[in-house]
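Chain and residue survey
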Amino acid sequence: MAELKLIGFLCNWCSYAGADMAGTARMKQPGELRIIRLPCTGRVNPLLILKAFQRGADGVLVSGCHPGDCHYNEGNYYARRRLELLSRMLPAFGIEPERFHFTWVSASEGARWADVVTQFTRKIEAMGKMSGAEQGTPPAKASCEAGVGAPDEQTGSEDAVPA
């Protein structure tokens, strides 16, 4: 089977530090996850996750500070609200919700990080790669059906307001 494309969006202050701790401690963990380091998971726009799936990601993991431990006070609470709604909407885009995972890992939890990545990778391996139909087609179709991004019949421009 071809290599899986797994994307991880990690908070700089906690989850990235936890992943770094797991790495420096040489804890056993899969190497398929490509990490994107962010200042805070509160800055993760759900459209960024959809774009990752559209561009071929087989699974997306978002990991941030535990509630109450956010370096920016409330960022992880914003992330939790947005990402919970996103996970409920994924089937509408033709994406299996199990391909997305949101978790909390602190800087001192290297072993927990290794466990989270291992479990997530195994779950996606069991599901296999996403088919071409799951990657990008449904979001485009759904947005056109809703009238978003569809060319206007008179002007030919996108998102034009009919006269």
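Look a little higher up for the structure.
First, a word on what this report is: a plain description of the structure on this page. The model shown is predicted, which means the values in this text are computed figures rather than measured ones.

Brief notes about the overall build of the chain
A tally of regular secondary structure across the chain gives 5 helices and 4 strands. In sequence order, the secondary structure elements of the chain are arranged as β-α-β-α-β-α-β-α-α. Look at the contacts in the chain between residues 6 or more apart in sequence, and 76% of them connect residues 24 or more apart. Of the accessible surface of the chain, which amounts to about 9,100 Å², a share of 52% is contributed by carbon and sulfur atoms.

Looking at the nonpolar core
Counting residues in each nonpolar core, the largest one holds 19 residues, and the members touching the most others are Phe9, Ile49, Phe53, Val60, Val62, Leu83 and Phe100. For this core, the secondary-structure elements that each account for two or more residues are β1 (6–11), α2 (46–54), β3 (59–64) and α3 (75–89). In terms of residue count, the dominant contributor to this core is α2 (4 residues). Apart from residues lying up to four places away in sequence, isoleucine 49 is in contact with Phe9, Val44, Val60, Val62, Leu83, Leu86 and Phe100. Ala19, Leu61, Val105 and Val117 belong to the second-largest nonpolar core, a separate cluster that totals 13 residues.

Description of the sheet that holds strand β4 (residues 100–104)
Ordered in space as β2-β1-β3-β4, the 4 strands form an open sheet in which the pairing is parallel. The open sheet is flanked by β2 (33–38) and β4, the only strands paired with a single partner. On average, adjacent strands in this sheet sit at an angle of 20° to one another, irrespective of strand direction. As judged from the 6 bridges shared by β1 and β2, these two strands associate in the parallel manner. Of the residues in β2, the one forming a bridge with leucine 6 is leucine 33. Packing against the sheet, α2 makes contact with β1, β3 and β4, and its axis sits at approximately 150° to β3.

Remarks on the pattern of salt bridges
The final tally for this structure, using the stated rule, is 4 salt bridges. Here lysine 129 makes a salt bridge to aspartate 58, at a shortest N to O gap of 2.9 Å. In this pair, lysine 129 sits in the loop between α4 (110–127) and α5 (137–145) while aspartate 58 sits in the loop between α2 and β3, placing the two residues 71 residues apart along the sequence. Here arginine 99 ties to glutamate 96 by a salt bridge, and the two come within 2.7 Å at their closest N and O atoms. Judged by relative accessible area, arginine 99 falls into the buried class, the value being 2%.

Some details on α3
The end-to-end C-alpha distance of α3 is 21 Å, a good match for the 21 Å that 15 residues give at a rise of 1.5 Å each. Where the residues of α3 are buried, they touch α2, β3 and β4.

With respect to α4
Given 3.6 residues per helical turn, the α-helix brings residues three or four places apart onto the same face. For α4, which comprises 18 residues, the first-to-last C-alpha distance of 26 Å matches the rise-based estimate of 26 Å (1.5 Å per residue) to within 8%. The complete set of buried residues in α4 reads Gly110, Trp113, Ala114, Val116, Val117, Thr118, Phe120, Thr121 and Ile124. Where α4 ends, the next residue or the one after it, glycine 128, has phi of about 85°, a positive value.

Analysis parameters
Residues numbered from 1 in each chain as written. Predicted model: local features only at pLDDT ≥ 70, side-chain atom pairs only at ≥ 80, totals over all residues. Heavy atoms only, no water. Helix = DSSP H or I, 4+ residues; strand = E, 2+ residues; numbered from the N terminus. Contact = heavy atoms within 4.5 Å. Areas by Shrake-Rupley, 256 points an atom, 1.4 Å probe, with all protein chains shown as cover. Core = buried A, V, L, I, M, F, W, Y, C linked by side-chain atoms within 4.5 Å. Buried < 20%, exposed > 50% of the residue type's maximum accessible area, 1.4 Å probe, protein only. Pairing = 2+ DSSP bridges. Axes fitted to C-alpha atoms, helices over the stretch in contact; angles between N-to-C directions. Salt bridge = Lys/Arg side-chain N within 4 Å of Asp/Glu carboxyl O. Expected span 1.5 Å × (residues − 1).

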